[in-house]
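Structural overview
Okay, here's what each chain looks like letter by letter:
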Amino acid sequence: MVGKLLIVGFGPGSVDHMTKRAREAIEESDVIIGYKTYIELVRDLIAGKEIISTGMTEEVSRAQAAVKWAERGKTVAVISSGDAGLYGMAGLVYEVLIEKGWTKDSSIEIEVIPGISAIHSCAALLGAPIMHDACTISLSDHLTPWELIEKRLEAAAAADFVIALYNPKSGRRTRQIIEAQRILLRHRSPETPVGLVKSAYRERQHIVLTDLAHMLDHEIGMLTTVIIGNSTTFVHDGVMITPRGYQRKYQLAAAVQPLKPHERLRKEAEPWALDQTKPLKDEDEGSTGAPGASGPSEAAVFAGGNQKDRAFTALATAVRPSSVATVTKEAEPTPPAAVLPTLAAPLAKTAERQPTAAPKRVKETAEDALAALERRKTRKTAAVLLEAAVSPGVANKQFTPEQLLVLAEIVGPDGKMTYTPDHYMKIERMTEDPDGLVARLVAAGLTVMPVGDVLTVKACDFCDGEKKDAIPYAEELARRFGGMALPKELKLGINGCGMACYGAVREDIGLVYRKGKFDLFLGGKTVGRNAHPGQLVAEGIPPEEIVAVMAEIIEQYQEQAHPNERFHKFFRRVKQVGRFSHEEAKPAASIETPACGE
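Per chain, residues are indexed from 1 in the order of the written sequence. For a predicted model such as this one, the threshold for reporting local features is a pLDDT of at least 70, and the threshold for listing and counting side-chain atom pairs is 80 or more; totals across whole chains, interfaces and linings nevertheless cover every residue. Side-chain descriptors were evaluated using all non-hydrogen atoms of the structure, hydrogens and water having been removed beforehand.

Comments concerning the side chain of serine 14
Operational definition: Secondary structure counts use DSSP, requiring at least four H or I residues in a row for a helix and at least two E residues in a row for a strand, with both numbered from the N terminus. In protein, a polar contact requires one atom able to donate a hydrogen and another able to accept it; more generally it is a pair of N or O atoms within 3.5 Å, and residues adjacent in sequence count only if both atoms are side-chain atoms.
With respect to the helices and strands, the residue serine 14 is situated in the loop between strand E1 (3-9) and helix H1 (20-28). A distance of 3.2 Å separates a polar atom in the side chain of serine 14 from the backbone nitrogen of aspartate 16.

Things to note about the packing of aromatic side chains
We count it as follows: Two aromatic rings, drawn from Phe, Tyr or Trp (for Trp, its six-membered ring), form a pair once their centres lie within 6.5 Å of each other, and the interplanar angle then sorts them: stacked below 30 degrees, edge-to-face above 60, tilted otherwise. Any Lys NZ or Arg CZ that is within 6 Å of a ring centre and within 35 degrees of that ring's normal is treated as a charge sitting over the ring.
This model, assessed by the stated rule, comprises 11 aromatic pairs. Among the aromatic side chains, those forming a connected cluster through ring pairs are Tyr557, Phe567, Phe570 and Phe571. The ring of tryptophan 69 is capped by arginine 72, whose NZ or CZ atom sits 4.9 Å from the centre of that ring. We note arginine 248 situated over the ring of tryptophan 272; from NZ or CZ to the ring centre the distance is 5.7 Å.

Some thoughts on the pairing of strand E19 (residues 490-495)
Put simply, side chains in a regular strand alternate between the two faces of the sheet. Rules: Three exposure classes are used, based on accessible area relative to the maximum for each residue type with a 1.4 Å probe and protein chains only: buried under 20%, partly exposed in between, and exposed over 50%. A strand pair is defined by DSSP finding two or more bridges across the two strands. Seen with its strands pointing away from the viewer, a crossover is right-handed if its path from the first strand over the helix to the second goes clockwise.
Within E19, six of the six residues are buried, which leaves the element mostly enclosed by the surrounding structure. With five bridges connecting them, strand E18 (residues 455-459) and E19 associate as parallel partners. Counted as the bridge partner of leucine 455 is leucine 490 from E19. Read from E18 through helix H15 (residues 471-481) to E19, the crossover connection turns out left-handed. Here E19 runs beside strand E20 (residues 509-514); their pairing, made up of four bridges, is parallel. By the bridge assignment, glycine 493 is partnered in E20 with glycine 510.

Comments concerning the sheet that holds strand E5 (residues 108-113)
Short version of the rule: Lines fitted to the C-alpha atoms define the axes, with helices restricted to the stretch that makes contact. Angles between their N-to-C directions range from 0 to 180 degrees. Two residues form a contact once any of their heavy atoms are found within 4.5 Å.
Ordered in space as E3-E2-E4-E1-E5, the five strands form an open sheet in which the pairing is parallel. Looking at strand neighbours, the two that pair on one side only are strand E3 (50-54) and E5, the edges of this open sheet. Ignoring which end each strand starts from, the neighbouring axes of this sheet average 15 degrees apart. Of the strands in this sheet, E1, strand E2 (31-35), E3, strand E4 (75-80) and E5 touch helix H3 (residues 59-71), which is tilted by about 175 degrees from E2.

Quick word on the nonpolar core
If you look at soluble globular proteins, the nonpolar side chains tend to sit buried side by side. To keep things clear, this is the line we draw: Buried Ala, Val, Leu, Ile, Met, Phe, Trp, Tyr and Cys residues that are joined via side-chain atoms within 4.5 Å together make up what is termed a nonpolar core.
Ile509, Leu520, Met550, Ile553 and Phe567 are the most contacted members of the largest nonpolar core, which has 40 residues in total. For this core, the secondary structure elements donating two or more residues are E18, H15, E19, E20, strand E21 (517-522), strand E22 (535-541), helix H16 (546-560) and helix H17 (567-574). When residues no more than four places from it in sequence are discounted, the contact partners of isoleucine 553 are Ile509, Leu520, Leu522, Phe567, Val577 and Phe580. With 23 residues, the next largest nonpolar core counts Ile33, Val76, Ala84 and Ala90 among its residues.

Details of the side chain of aspartate 422
With respect to the helices and strands, aspartate 422 occurs in the loop between strand E15 (416-419) and strand E16 (425-431). Excluding residues that lie within four positions of it along the chain, aspartate 422 makes contacts with Lys458 and Lys491.

What about the packing of helix H6 (residues 146-158) against helix H7 (residues 175-185)?
Basically, it comes down to this: Here a crossing is called left-handed whenever its near helix is offset anticlockwise from the far helix by less than a right angle, and right-handed whenever the offset is clockwise. The nonpolar class holds Ala, Val, Leu, Ile, Met, Phe, Trp, Tyr, Cys and Pro. Asp, Glu, Lys and Arg form the charged class, and all remaining residues, Gly among them, are polar.
Orientation of H6 relative to H7, taken along the N-to-C sense of each, is 35 degrees, at an axis distance of 9 Å. Judged by the twist between their axes, the crossing of H6 over H7 is right-handed. Of the residues in H7, those touching H6 at Trp146, Glu150, Leu153, Glu154 and Ala157 are Gln176, Glu179, Ala180, Arg182, Ile183 and Leu184. Considered class by class, the residues forming the contact of H6 with H7 number six nonpolar, one polar and four charged.

Quick notes on the environment of leucine 259
Mapped onto the elements of the fold, leucine 259 is located in the loop between strand E13 (239-241) and helix H8 (274-277). You can call leucine 259 buried: its relative accessible area is 13%.

Section: the sheet that holds strand E7 (residues 134-138)
Spatial ordering of the open sheet is given by E7-E8-E11-E9-E10, a layout of five strands whose pairing is mixed. A single partner strand is all that each edge strand has here, and the edge strands are E7 and strand E10 (206-211). The sheet shows a mean angle of 20 degrees between the axes of neighbouring strands, direction not considered. The pairing of strand E9 (residues 193-198) with strand E11 (residues 224-228) spans five bridges and is classified as antiparallel. Each residue of the ladder has a partner; that of leucine 196, found in E11, is valine 226. The sheet contacts of H6 involve E7 and strand E8 (162-166), and relative to E7 the element is tilted by about 160 degrees.

Overview of the pairing of E2
Among the five residues that make up E2, five are buried, leaving the element largely enclosed by the rest of the structure. Here five bridges tie E2 to E3, and the two strands are oriented parallel to one another. Bridging from a neighbouring strand, glycine 34 pairs with serine 53 of E3. Assessed by its sense of winding, the connection that carries the chain from E2 through helix H2 (residues 36-41) to E3 is right-handed.

Printed below as a string of structure tokens:
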């Protein structure tokens, strides 16, 4: 069974700007997976298809769901706005596949369909701001350390790139755009043009032209792309333009150009080029050529001035063509004294450089390697957030004083310990040694489980252990399934008698031990105005069968549920879980109140 993954970038959101192949890919897919906002943008194209939509921070779940459906032989479209390969889903889907051992020879076929990215769609609305070298930088530090983002901003600003900032600001991330402006102002004029484009080619499109000094005076959010010009970018009549550099060789208003076509690529017409400004010599060698050969020519230095590029229009061509040629000629290295065949000349130049250049390069390489090794030795392990569910055990609900002391020591003054209604304490703290802390908790006799979208076993105290017959089964279920990663958090309630005083019947899955056997409830909902107990789907399940019954239900939910889909919604959608069928709840019977009021 061959499945297919189509990773689709559908552009800015307007159907007019979606490629033909992107539209075809969406139409031919059985399953569409994407962020909720993106699903709405293509709603007209996906009628009648299986749709899986999730919120922010659910990218990994979407990628995993896509792979799962493709493994079943389905054609799956994973959609991203813009281009799927630029801050989109393409890379993540590949990473998830690789974790599962995927190769190009595997049964899943993959196609990445490109789309118009935000930098290009926003640039088109602003004018032509990315006509020269440009880069994209995401200000989101959810996955990338801010220290690294700062370095990238510094490097791009210093190198005079046009910069497109993605994810500049959100409800929680408000400082990043302020820090970015501060860094950029160290390298750019406050008057540098800046374009702010929100929701390009969508209904709420909004465009602002401002400058670097005043960009924060305007609304900037997650749907805004910020394009910052370089040192030559200018605004004319509401249009943002970055010159490509044609002024250096051409007179843009002239019908007849100073340089004829066959002259335009000659060396003398390009005094700023690498081989004109930096002769082919090792930096440490003495100058053996003509005077001035060790550095850039006068004309080349002048040409390199960022602020003067447009003023150089005629200087390098029509006004002083002869002097430019003269300076360039003087800057060329002196040819070898001996007359050698043409093919031997490059070898001679190479031989001249080798005595000093090669040892220097070897020394630099060795020094770099030693420095990297030293950094590796001294590098501190990065601190991570340890989040865990800690309890005295499955049935035991009593912490000892010694265990509480260990908990307090591990959480420390900067951590957090929270009581939960799920029969455990949730601990949170930053640490460089999470494994060591977990080992201390286990050594103190505590049970430690992960938190989040996992299975949590919620057992009662079995009347302080007096009704102990079901405890071994509860402990086995916790050992087998506790902490299992699932599409959404799932609670498995286990009560040791028919009183069910710990409320197992209201959990996602409820087990009540009664008369030596288990009753099974599925699809309970604990909270909300429409909270309800689970559907009683079976009575009298023999204890020796309960682990196998639970395995069938839990594994089906793990495999078939949509990301972020709660169990009661899953049960209602698929209609049958394991051997148990879903039945719609019958409305409660209306009872007329008697006249006496009783």
